[in-house]
Amino acid sequence: MNAGDQPLHAHSENLARTRLIGFLEQEKSFACEKVLISVLSSPASHEIARDGRLVVRDPLARWIPSLEENMLVMMMANTGLVEARSTRPDNDNGTRPNIVLILADDLDHTLGSVGLALKQARRLIGEQGIAATNWYIHTPICCPSRAELLAGRYFHNLRVAKHNDPGGCMQANLSRIFDDGYFALPFAALGYTIGVFGKHLNSGNPKAAPAGVDRWLVNGGGNYLNPAFAFSSRGTPGVEVTFDNCTGPCYSTAIIGNATLDWIRALRRESTSPQPFFAYVAVKAPHIQDGPGWPVAIPAPWHNADRSFPGVQPPRTPNWNASCPEHHWLVRTQPPMTAQQAERSDALYRSRLGSLLAVDDLVLELDATLGALELRETTYVAFTSDQ
């Protein structure tokens, strides 16, 4: 299957000012009094209880177990979300806003990857929107974290009864994700058309689009190069497609980005009064490529990590490669890295940075597409990571 117009990059810096919001350096929860945000669309949809809790009366309330658990969900559900001040964005036709959620995989915060490799994302989303710097992942590991985001529930409400029960993804109960509270259902009830693109759950993803989803191109992470995805549209059986006929290897981030942008363009092209859309865009980067050998992420063929980040190393803090004989036995039994291991660790760090350059391309191309379609003023963009 053709991967579309690779690569996603090379737009000029002369971009109009955007209203993209929500650079979430990690998926974190923060006290609502610290950021002035209107979290719901109208006073009739919520009230503040005497104990300070937010009481929600909205079709999305079932998907939002608590303010602390999923402030991100409440941001995206709201038509009055603002850039850290209590005014409403322009929305002349009174419809709900479009939403784009970009989800990285294992993106670090403290090692500096955001500042080094996601400069366009930082400029277009973080600097012109808000940065939630105190928003913590409840269960910071792969499938449990994604399950919580997709279902809007704490992990103790999603886990299987026993660790070895079938029907689970790293102990996340798949039936509780897809049958009891999948995020697409309340958004579809509000009139959204929904596209899910890229890495979904690590395993157990259905081949056909689940209820509420209109476009489905997903895998469990797969390969950076020539990846395979399950593809489906609403009401159609799913098929597995492998992208392997590019000039050179097809690259996962570009495929996910191109598929997302093609879908958004088609929505505008096919209707004079289209529904609001929700695009869930989940890239593999900067996760390692699974398989034998030293762990490494794989940058896009048009990006070279060594040239882009020559000699760059992870921060050499006092605890880097430290021996800790007084710590817990799991820590004290770990020997310091050898010179070869330290060199490989540095190479892994640079490869992770390199893989993020294509994600930065995706954000830049998304901004350009929203601008060309005159959707910047009515589209909210959030960027975060599963952990």
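Here goes a summary of the coordinates provided. Per chain, residues are indexed from 1 in the order of the written sequence. With the structure being a predicted model, the display of local features is reserved for residues of pLDDT at least 70 and the display and counting of side-chain atom pairs for 80 or more, all residues being used for whole-chain, interface and lining totals. To obtain the side-chain values, all non-hydrogen atoms of the structure were used and water was disregarded.

**Examining the overall build of the chain**
Here is step 1: Regarding its fold elements, the chain presents ten helices and eleven strands.
Here is step 2: Summary of the burial criterion: residues with accessible area below 20% of their type's maximum are buried, those above 50% are exposed, and those between are partly exposed, where the area comes from a 1.4 Å probe applied to protein chains only. By the burial criterion, 51% of the 387 residues in the chain qualify as buried.
Here is step 3: Looking at the chain as shown, the accessible area adds up to about 17,500 Å², and 51% of this sits on carbon and sulfur atoms. Only runs of H or I of at least four residues qualify as helices and only runs of E of at least two qualify as strands under DSSP, and these elements are numbered from the N terminus. Computed with a 1.4 Å probe, the accessible areas rest on the Shrake-Rupley method; for each residue, only the protein chains presented here act as cover.

**Brief notes about the sheet that holds strand β7 (residues 215–219)**
Here is step 1: Spatial strand order, β9-β8-β7-β6-β10-β3-β11: seven strands in an open sheet with mixed pairing. Unpaired on one side and paired on the other, β9 (239–242) and β11 (379–385) mark the two borders of the sheet. Between one strand axis and the next, the sheet turns by 20° as a mean value, whatever way the strands run. In this description, strands pair whenever DSSP reports at least two bridges between them. Note on geometry: axes are C-alpha line fits, over the in-contact stretch for helices, and angles between N-to-C directions span 0 to 180 degrees.

**Points about the pairing of β7**
Here is step 1: For β7, a buried count of four out of five residues is recorded, marking the element as mostly surrounded by other parts of the structure.
Here is step 2: As defined by bridge partners, β7 adjoins strand β8 (residues 228–233) across four bridges and the pair is classed as antiparallel. Within the sheet, the bridge partner assigned to arginine 215 lies in β8 and is serine 233.

**As for the environment of leucine 373**
Here is step 1: As for its placement among the helices and strands, leucine 373 is situated in the loop between α10 (339–372) and β11.
Here is step 2: For leucine 373, a relative accessible area of 23% corresponds to the partly exposed category.
Here is step 3: We call two residues in contact when some of their heavy atoms are within 4.5 Å. Apart from residues no more than four positions distant in its own chain, leucine 373 is found in contact with Ile264, Arg265 and Arg268.

**Remarks on the state of the cysteines**
Here is step 1: Whenever a pair of cysteine sulfur atoms sits within 2.5 Å, that pair is classed as a disulfide. In total, this model carries two disulfides according to the counting rule given.
Here is step 2: Through a disulfide, cysteine 143 is tied to cysteine 169; the S-S separation comes to 1.9 Å. On the S-S bond that ties cysteine 143 to cysteine 169, the torsion sits near 115°, and the link is right-handed. With cysteine 143 in helix α4 (residues 142–151) and cysteine 169 in strand β4 (residues 168–169), this residue pair connects regions lying 26 residues apart in the sequence. As far as burial versus exposure is concerned, cysteine 143 and cysteine 169 are alike and both buried.
Here is step 3: Here cysteine 246 engages in a disulfide with cysteine 250; their sulfurs sit 2.0 Å apart. Negative torsions about the S-S bond denote left-handed disulfides, and the value of about 110° found for cysteine 246 with cysteine 250 makes this one right-handed. Exposure class is identical for cysteine 246 and cysteine 250. Each is buried.
Here is step 4: If you count the bonded cysteines of the chain from the N-terminus, they pair up as 1-2, 3-4.
Here is step 5: Free cysteine cysteine 142: the closest other cysteine sulfur is in cysteine 143, separated by 7.8 Å.

**Thoughts on the nonpolar core**
Here is step 1: In this structure, Val100, Ile102, Leu118, Phe277, Leu366 and Phe383 are the most contacted members of the largest nonpolar core, which totals 47 residues.
Here is step 2: Those elements giving two or more residues to this core turn out to be β3 (98–104), α2 (113–117), α3 (119–126), α7 (252–270), β10 (277–282), α10 and β11.
Here is step 3: Counting residues per element, this core draws most heavily on α10, which supplies eleven residues. Residues belong to one nonpolar core when they are buried, are Ala, Val, Leu, Ile, Met, Phe, Trp, Tyr or Cys, and are joined through side-chain atoms within 4.5 Å.

**Considering the environment of leucine 217**
Here is step 1: Summarising the element assignment, leucine 217 is placed in strand β7.
Here is step 2: A relative accessible area of 4% places leucine 217 in the buried class.
Here is step 3: Residues contacting leucine 217, with those up to four places away along its chain left out, are Val196, Phe197, Gly198, Phe229, Ala230, Phe231, Val241, Phe243, Ile255 and Ala259.

**Observations concerning the pattern of salt bridges**
Here is step 1: Salt bridge criterion: a side-chain nitrogen from Lys or Arg within 4 Å of a carboxyl oxygen from Asp or Glu. Using the criterion set out here, one finds nine salt bridges in the structure.
Here is step 2: For arginine 146, the salt bridge identified is with aspartate 105, shortest N-O distance 3.7 Å. Of this pair, arginine 146 sits in helix α4 while aspartate 105 sits in the loop between β3 and α2, and the two are 41 residues apart along the sequence. An identical accessibility class is assigned to arginine 146 and aspartate 105; each is buried.
Here is step 3: In this structure, aspartate 386 engages arginine 146 in a salt bridge whose closest nitrogen and oxygen atoms are separated by 3.2 Å. Of this pair, aspartate 386 sits in the segment after β11 while arginine 146 is found in helix α4, placing the two residues 240 residues apart along the sequence.
Here is step 4: By relative accessible area, which is 1% here, aspartate 386 ends up buried.
Here is step 5: What emerges from the salt-bridge pattern is a single network uniting Asp105, Arg146, Lys199 and Asp386.

**Concerning the packing of α3 against α10**
Here is step 1: Two elements in contact, α3 and α10, have axes separated by 7 Å at closest approach and are oriented at 40°. Our classification of the angle between α3 and α10 gives oblique. α10 is crossed by α3, and the crossing has left-handed handedness. Taking contact as the criterion, the partners of Lys119, Gln120, Ala121, Arg123, Leu124 and Ile125 in α3 are, on α10, Asp360, Val363, Leu364 and Asp367.
Here is step 2: Among the residues forming the contact of α3 with α10, the class breakdown is five nonpolar, one polar and four charged. Should an angle lie under 35 degrees it is considered roughly parallel, over 145 roughly antiparallel, and from 65 to 115 roughly perpendicular; all remaining angles are considered oblique. Crossing handedness follows the turn of the near helix against the far one: under a right angle anticlockwise gives a left-handed crossing, and clockwise gives a right-handed one. Only Asp, Glu, Lys and Arg are considered charged, only Ala, Val, Leu, Ile, Met, Phe, Trp, Tyr, Cys and Pro nonpolar, and every remaining residue, Gly among them, polar.

**Structural notes on the packing of α7 against α10**
When two helices pack together, their arrangement is given by the angle between the helix axes and the distance between those axes.
Here is step 1: Viewed as axis vectors pointing N to C, α7 and α10 meet at an angle of 10°, and their least axial separation amounts to 10 Å. On the basis of their axis angle, the class for α7 and α10 is roughly parallel. Between α7 and α10, the contacting residues are Thr253, Gly257, Leu261, Ile264 and Arg265 on the first element and Ala358, Val359, Leu362, Glu365, Leu366 and Thr369 on the second.
Here is step 2: Considering only residue class, the contact of α7 with α10 consists of six nonpolar, three polar and two charged.

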